[in-house]
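# Working through the structure, step by step
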Amino acid sequence: GLEGHNFNFHGEEIDIQSDGTNSSNYIQIFISLLITLSRREYIIPALYIDEPEIGVHPKKSEELIYNIYDLYKDLNERTTKKQYPHILFSTHSPNILKVIIKLFEDKQQVLHFSKIGITKSPNKDIHNTKISKLKSTYEDSRFLNRFTDNEARLFFSKFILFVEGETELELFSHKKLLNYFPKLKEIDIYQTADLTKIKYINPSYMNSNIPYYILYDLDKIVKIEKKF
């Protein structure tokens, strides 16, 4: 559909760019064509993009989402049409997830795919997959402004351990402890004393089935008062 006599992007020929860069450039042009088409005709196209981050620098992945957002914003300003193209990303990139959540706010939806076990059958064991519709919108603008890669990567966790301070973070990330307890390598350690952050990044809030544990210092639990 995009073949022609020649193709360049920002003045660069495709034969001197990586496959990842070419893929990203094609995606941007294809989406701009879809949005232009939907502006002129009464259609609502849907586009599925599988792992656009492959072969691309993380900042290039973020740039892709920024450009898509600008295209949507331009469409919104130029027409009264309220139906826009639907884009579905399949991704393992915290960078892409972070920018989508920050820019599109309540105009996005995150679906979480996870394995939940195996069903035995006479011919073949079947790996079961659970799809969860996560809550990925935040009313607190302060949290959204501080939403970074550190928070976004927790959407992809197998297990999250919330700790309060730098000491706990250093302890559970120590390479000797990791060698002694290999399971710690599968855990994401998230350090924060901010209760607002824990509230919003908590899997219970997100409605995900990611297991987690919150570890507090003893001073958060015990209060001693001396009366004379």
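The paragraphs below set out a description of the structure included in this document. (Residues numbered from 1 in each chain as written. Predicted model: local features only at pLDDT ≥ 70, side-chain atom pairs only at ≥ 80, totals over all residues. Heavy atoms only, no water.)

### Topic: the pattern of salt bridges
- Evaluated as defined, the whole model comprises 10 salt bridges.
- Put simply, Lys59 and Glu62 hold a salt bridge, and the shortest N to O gap is 3.3 Å. Here Lys59 and its partner Glu62 are both found in helix α2 (residues 58-78), 3 residues apart, which amounts to about one turn of the helix.
- Note on Lys59: relative accessible area 53%, which makes it exposed.
- Under the relative-accessibility criterion, Glu62 is labelled buried at 5%.
- In this structure, Lys98 engages Asp149 in a salt bridge whose closest nitrogen and oxygen atoms are separated by 3.1 Å. With a gap of 51 residues between them, Lys98 in helix α3 (residues 94-104) and Asp149 in helix α5 (residues 149-152) connect regions that are remote in the sequence.
- Its relative accessible area of 31% is what places Asp149 among the partly exposed residues. (Salt bridge = Lys/Arg side-chain N within 4 Å of Asp/Glu carboxyl O. Helix = DSSP H or I, 4+ residues; strand = E, 2+ residues; numbered from the N terminus. Buried < 20%, exposed > 50% of the residue type's maximum accessible area, 1.4 Å probe, protein only.)

### As for the environment of Leu178
- The topology assignment puts Leu178 in helix α7 (residues 175-180).
- Classification of Leu178 as buried rests on a relative accessible area of 19%.
- Excluding residues within four positions of it along the chain, Leu178 makes contact with Phe172, Ser173, Leu184 and Lys185. (Contact = heavy atoms within 4.5 Å.)

### Considering a nonpolar patch on the surface
- Among the surface-exposed residues, Leu111, Phe113 and Ile131 lie close enough to one another that they form a single nonpolar patch of about 320 Å² accessible area.
- Here Ile131 lies in strand β6 (residues 126-134).
- For Ile131, a relative accessible area of 52% gives the class exposed. (Patch = residues over 30% accessible without salt bridge, like charges linked within 9 Å, V, L, I, M, F, W, Y side chains within 5 Å. Areas by Shrake-Rupley, 256 points an atom, 1.4 Å probe, with all protein chains shown as cover.)

### Focus on unusual backbone geometry
- Positive phi, close to 45 degrees, is recorded for Glu51, a residue that is not glycine.
- Within the secondary structure layout, Glu51 lies in the loop between β3 (46-50) and α2.
- Non-glycine residue Asn207 carries a positive phi angle of around 65 degrees.
- By the secondary structure assignment, Asn207 is in the loop between α9 (203-206) and β9 (212-214).

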